[in-house]
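What follows is each chain in one-letter form.
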Amino acid sequence: MSVTIRPADKRDVLAVAELIEEIEHFYGSTEIQPLAERQTQVEEALFGAPPMAAALLVEDETGALAGLAAYSFLWPAAGSSHSLFLKELYVRDTLRRQGVGAQLMDELRALAAARPGCSRIEWMTDQDNPGARAFYKSLGFAEFDGKIIYRVDTSTV
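The notes below deal with the structure included here. Since the model is a prediction, treat every value here as computed from it, not as a measurement.

Quick word on the environment of Glu61
With respect to the secondary-structure elements, Glu61 resides in the loop between strand 2 (54-59) and strand 3 (65-74). As a C-alpha pair, Glu61 and Met105 span 44 residues in sequence and 20 Å in three-dimensional space. There is a polar contact of 3.2 Å between the side chain of Glu61 and the backbone nitrogen of Ser2.

Points about the sheet that holds strand 1 (residues 4-7)
Taking strand neighbours across the sheet as the criterion, the five strands line up as 1-2-3-4-5 in an open arrangement whose pairing is mixed. Each having just a single partner strand, strand 1 and strand 5 (118-123) make up the two edges of the open sheet. The sheet shows a mean angle of 25 degrees between the axes of neighbouring strands, taken without regard to direction. The pairing of strand 1 with strand 2 spans four bridges and is antiparallel. From the neighbouring strand, Thr4 faces strand 2, where its bridge partner is Glu59. With respect to the sheet, helix 3 (residues 100-114) is in contact with strand 1, strand 2, strand 3, strand 4 (82-91) and strand 5, its orientation differing from that of strand 4 by roughly 160 degrees.

A closer look at the pattern of salt bridges
Going through the model one piece at a time under the given rule, you end up with seven salt bridges. A salt bridge links Glu59 to Arg6, with the nearest nitrogen and oxygen atoms 2.8 Å apart. Remark: Arg6 occurs in strand 1 and Glu59 occurs in strand 2; sequence separation between them is 53 residues. Like Glu59, the residue Arg6 is buried in the burial classification. For Glu143, the salt bridge goes to Arg133, with nearest N and O atoms at 2.6 Å. Taken as a pair, Glu143 in the segment after helix 4 (130-138) and Arg133 in helix 4 lie far apart in primary sequence, 10 residues in all. On the basis of relative accessible area, Glu143 is assigned to the exposed category, the value being 55%.

Let's talk about the packing of aromatic side chains
Within this structure, the stated rule accounts for six aromatic pairs. When the ring of Tyr71 is compared with that of Phe73, the centres are 6.0 Å apart and the planes differ by 90 degrees; the resulting orientation is edge-to-face. The exposure class of Tyr71 is buried, given its relative accessible area of 9%. Assessed through its relative accessible area of 29%, Phe73 is described here as partly exposed. One aromatic cluster is present, built from ring pairs that chain together Trp123, Phe135, Tyr136 and Phe141.

Calculation notes
Residues numbered from 1 in each chain as written. Predicted model: local features only at pLDDT ≥ 70, side-chain atom pairs only at ≥ 80, totals over all residues. Heavy atoms only, no water. Helix = DSSP H or I, 4+ residues; strand = E, 2+ residues; numbered from the N terminus. Polar contact = N/O pair within 3.5 Å; in protein donor to acceptor, adjacent residues only side chain to side chain. Pairing = 2+ DSSP bridges. Axes fitted to C-alpha atoms, helices over the stretch in contact; angles between N-to-C directions. Contact = heavy atoms within 4.5 Å. Salt bridge = Lys/Arg side-chain N within 4 Å of Asp/Glu carboxyl O. Buried < 20%, exposed > 50% of the residue type's maximum accessible area, 1.4 Å probe, protein only. Phe/Tyr/Trp six-rings, centres within 6.5 Å; stacked < 30°, edge-to-face > 60°.

Next comes the structure, spelled out in structure tokens:
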């Protein structure tokens, strides 16, 4: 199946908000925020002033949204350089194992390489996600065990 990968634009807000619900279910969430709330958050994140993130979208042959790679640039990385941080890579099950995820990773690598001062791409996956770990390994990426991740909910601060 042929796909198109392109940057998200404002006309995609609803489709991205709907896809986020699918992603939440994929990760096992049962409590999903209302669609209108998700739409507002997507619009603010991707198109606010300034935007907090960017996204590459995958369209299938029919033009339907079939995946995304959500990312941000972080500073500092190595020295005073910055990095592209991939927060979410998701491809609908109808297109998995067809090279779409690899195409998204290639597009991200091209974006990072084209941005002056961007020294690397970084991302995470859950230890208990063998499918994602196998996918990244199949692309030749080694796991990095040099960091420990901390997380605190803002509601507890």
